[in-house]
Amino acid sequence: MSPSALANGTEAASGTPRLVIEFPPVTAADNLSEISAITELVNRVFIDAEAGIWNEGFVRTSDAEVADFIRKGQLALAYLASSPPASEDQGIQKGQLVGCVCVKRASDSMCTLGMLSLDKTHQGLGLGREIFKFVEEYCLSLGGTTLGLDILMPTSYDHPLKTRMHAWYLRLGFQQVRLGDFGDDYPALVPLLSGPVVYRVFEKKLK
Ligand SMILES: CC(C)(COP(=O)(O)OP(=O)(O)OC[C@H]1O[C@@H](n2cnc3c(N)ncnc32)[C@H](O)[C@@H]1OP(=O)(O)O)[C@@H](O)C(=O)NCCC(=O)NCCS
């Protein structure tokens, strides 16, 4: 199945889709205003989410990286679902861009996700769970049976949001499979860290 074939709204508990989540066409990588809107959204979200973990001035992503992810079909975008006018029968329409997630195929049986972001004003509404549902279904559609993710947590103090994410991943069914070596995976980022961190690697069996 191609990524865009999964461009359907995910459904909230009530059965009403609240997000339209899709992999944009590769041509979107050349749409500079859309790319910079995504980059700004991610960087804004991570300035809050990773405050204290990085040295001043750190930014999570760049226009070049976002465009590259889109060209590779790895970046899914989440839009608020808006109903069409009653006279039209066009299904659920895309509204405001509110989030994204990067999904990579790590092997035949495994996908990994990263850069999971939701605009701050739309956090805490259950939309994060909708994005996970989309990612799990996408991974399964590729024949994947395992979903992986990681989390970077400071060790010298409690970071409430990271602690919350850690607990949430466990509730979502992920298990920590190892402590990674952040320096091995991201050597260029190590000098930008403001203190010691632990890099936890999680996996969830999807079937
Ligand atoms: C990760 C993210 C996309 C999740 O989105 P979200 O809107 O918070 O998602 P949800 O509303 O589904 O909430 C996620 C969980 O946190 C819980 N939660 C939400 N707000 C909370 C709060 N203020 N205090 C405690 N728990 C809270 C929810 O109950 C939910 O758990 P549940 O699904 O078991 O009920 C969003 O928080 C985000 O963009 N965070 C910043 C970037 C980030 O940290 N990304 C992950 C990198 S490791």
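Further up the page is the structure itself.
Given the structure is predicted, the values throughout are model-derived calculations rather than measurements.

The next thing to look at is the overall build of the chain. A tally of helices and strands in the chain yields 5 helices and 8 strands. Reading the chain from its N end, one meets helices and strands in the order β-β-α-α-β-β-β-α-β-α-β-α-β. Classification of the 207 residues of the chain by burial places 28% in the buried group. Pairs at least 24 apart in sequence give 66% of the contacts found in the chain among residues at least 6 apart.

We now examine the pairing of strand E5 (residues 110-118). Counting buried residues along E5, 7 of its 9 residues qualify, which places the element largely inside the surrounding structure. The sheet contact formed by strand E4 (residues 93-107) and E5 spans 7 bridges and is antiparallel. When the sheet's bridge partners are listed, arginine 105 is paired in E5 with cysteine 111. The pairing of E5 with strand E6 (residues 146-154) spans 3 bridges and is parallel. When the sheet's bridge partners are listed, threonine 112 is paired in E6 with glycine 148. In this fold, the crossover linking E5 to E6 by way of helix H3 (residues 127-141) has right-handed handedness.

Right, let's talk about helix H4 (residues 160-171) for a bit. The first and last C-alpha atoms of H4 sit 16 Å apart over 12 residues, in line with the 16 Å expected at 1.5 Å per residue. The element H4 is largely exposed, with a buried count of 1 among its 12 residues. Glycine 173 occupies a position one or two residues after H4 and carries a positive phi of about 105°.

A few words now on the site of the ligand. Close to the ligand lie 18 residues, the nearest being Ala49, Leu118, Gln123, Gly124 and Gly128. Looking at which element gives the most residues to the shell around the ligand, the answer is H4, with 4 residues.

Once that is clear, we can look at H3. Across its 15 residues, H3 extends 21 Å between first and last C-alpha, which sits within 8% of the 21 Å expected from 1.5 Å per residue. Three or more residues of H3 are buried, namely Leu127, Gly128, Glu130, Ile131, Phe132, Phe134, Val135, Tyr138 and Cys139. Positive backbone phi, at 90°, marks glycine 143, one or two positions downstream of H3.

We note that methionine 115 has phi near 50°; this positive angle belongs to a residue other than glycine. Looking at the element boundaries, methionine 115 is found in strand E5. A residue is classified by how many C-beta atoms lie within 10 Å of it, and methionine 115, with 20 of them, is buried.

Note that glutamine 93 resides in strand E4. Counting along the chain gives 73 residues from glutamine 93 to valine 20, while the straight-line C-alpha distance between them is 7.6 Å.

So, on to the environment of cysteine 111. As for its position among the elements, cysteine 111 is in strand E5. Residues cysteine 111 and glutamate 203 lie 92 residues apart in sequence; the distance between their C-alpha atoms is 9.7 Å. Setting aside residues no more than four positions away along its own chain, cysteine 111 makes contact with Val103, Lys104, Arg105, Ala106, Cys139, Leu142, Gly144 and Leu147.

Each value, and the rule that gives it
Every residue gets a number counted from 1 within its own chain, in the order that chain's sequence is written. Totals for whole chains, interfaces and linings use all residues, but because this is a predicted model, local features are given only for residues with pLDDT of at least 70 and pairs of side-chain atoms are given and counted only at 80 or more. Helix and strand definitions here come from DSSP, where helices need a minimum of 4 consecutive H or I residues and strands a minimum of 2 consecutive E residues; each element is numbered from the N-terminal end. We call a residue exposed when 12 or fewer other C-beta atoms sit within 10 Å of its C-beta, buried when the count reaches 20 or more, and partly exposed for counts in between; the C-beta positions come from the backbone. Residue pairs qualify as contacts under a 7 Å threshold applied to their C-beta atoms, which are placed from the backbone. Between any two strands, at least two bridges found by DSSP are needed for them to pair. Seen with its strands pointing away from the viewer, a crossover is right-handed when the path leading from the first strand over the helix to the second is clockwise. Take the residue count of a helix, subtract one, and multiply by 1.5 Å to get its expected span. As a rule, any residue with its backbone-derived C-beta atom within 6 Å of a molecule or strand is reported as near that molecule or strand.

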